[in-house]
Amino acid sequence: MIKGSEIILRHVQQSELETLIGLLNDPEIKGEYARTLLNSPVSLKKQFELNGFSSEASEMFVISDELNQLIGVMGHFTTVHYSSARELGFSVFTKENYNKGIATAAVNLLTNYIFENLPVNRVQICMPVEHKACERIAIKCGYTKEGIVRGSIFVRGRYLDTFMYSKIRSEFSVN
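Below you will find a few notes about this structure. Per chain, residues are indexed from 1 in the order of the written sequence. Only residues with pLDDT of 70 or above have their local features reported here, since the model is predicted, and side-chain atom pairs are shown and tallied only from 80 upward, although totals for entire chains, interfaces and linings are computed over all residues. To get the side-chain values, take all heavy atoms of the structure and skip hydrogens and water.

1. Comments concerning the pairing of strand S7 (residues 144-155)
Moving on, step 1. For S7 and strand S8 (residues 158-168), the ladder comprises 8 bridges, and the chain directions are antiparallel. Each residue of the ladder has a partner; that of Val149, found in S8, is Thr162.
Moving on, step 2. We treat two strands as partners when DSSP finds at least two bridges between them. In this text, helices come from DSSP runs of H or I with a minimum length of four residues, and strands from runs of E with a minimum of two, each type numbered from the N-terminal end. Counting the residues between successive antiparallel strands, the hairpin from S7 to S8 contains 2 residues, one of them, Arg156, with a positive phi of roughly 50°.

The following block contains the structure:
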């Protein structure tokens, strides 16, 4: 469990798996910039049984409040097989929790966790160039804009360009 002042990042619990699968597959919750490809409930349950969504290649956490309510998800995964770099992905489930600093706090917590616990030199965040809220989070968390990756994700029937932001270990300080 990774505790912040207002949120907690923790592994998924068996009792919330069904709820989480529903949230992960809800296109309204995903928003306009996330991929809407549905996750197979059977595959997700098998992955949970296999490793609890935690492996060398990727790890998923739920974002919860002090009352243990699900607020969102946060994860990190390897980018390419020849690099130790990790990419972050995150989602806050309801609009009532937008603009409260939840995603910013989650990014800071997970970035700190990665640099303190894994032999990783680079953490990155990619977002569609139109996704200004996500870009603000990366900037607030001290990530550096590196450029545009053209046509890198397929969302709602079209290819989108993404911004690439990163933080490397030499820029790391506990937030």
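Here the narrative resumes.
2. Focus on the side chain of Asp65
Moving on, step 1. Counting through the fold element by element, Asp65 comes out in the loop between strand S3 (58-64) and strand S4 (70-78).
Moving on, step 2. The rule is simple: take the accessible area with a 1.4 Å probe, protein chains only, and divide by the maximum for that residue type; under 20% is buried, over 50% is exposed, in between is partly exposed. Counted as positive: Lys and Arg. Counted as negative: Asp and Glu, with His and the chain ends omitted from the count. Any carboxyl oxygen of Asp or Glu that lies within 4 Å of a side-chain nitrogen of Lys or Arg is treated as forming a salt bridge with it. Although Asp65 lies buried, it forms no salt bridge, and the closest oppositely charged side chain, Arg10, sits 7.7 Å away as judged by the N-O distance.
Moving on, step 3. Think of a polar contact as two N or O atoms within 3.5 Å of one another; within protein, one of them needs to be a possible hydrogen donor and the other a possible acceptor, and neighboring residues in sequence only count if both atoms come from side chains. Within polar-contact distance, the side chain of Asp65 engages the backbone nitrogen of Leu67 at 2.9 Å.
Moving on, step 4. Two residues qualify as a contact provided that any one of their heavy atoms is within 4.5 Å of a heavy atom in the partner residue. Setting aside residues no more than four positions away along its own chain, Asp65 makes contact with Glu6, Ile8 and Ile71.

3. Describing the environment of Ile114
Moving on, step 1. Structurally, Ile114 can be placed in helix H4 (residues 102-117).
Moving on, step 2. In this structure Ile114 comes out as buried when scored by relative accessible area, which is 0%.
Moving on, step 3. Placed 13 residues apart in sequence, Ile114 and Met127 show a C-alpha to C-alpha distance of 20 Å.

4. Thoughts on the sheet that holds S8
Moving on, step 1. Spatial ordering of the open sheet is given by S1-S2-S3-S4-S5-S6-S8-S7, a layout of 8 strands whose pairing is mixed. Here the strands that pair on one side only, and so sit at the sheet edges, are strand S1 (2-3) and S7.
Moving on, step 2. The pairing of strand S5 (residues 86-92) with strand S6 (residues 122-128) spans 3 bridges and is parallel. What sits directly across from Arg86, in S6, is Val123.
Moving on, step 3. Sheet contacts for helix H1 (residues 17-24): S3 and S4; angle to S4, the most-contacted strand, approximately 75°.
Moving on, step 4. The axes are straight lines fitted to the C-alpha atoms, using for helices just the contacting stretch, and the angles between their N-to-C directions are given from 0 to 180°. The strands that H4 touches are S1, strand S2 (8-10), S3, S4, S5, S6 and S8; relative to S5, the one it contacts most, it runs at about 155°.

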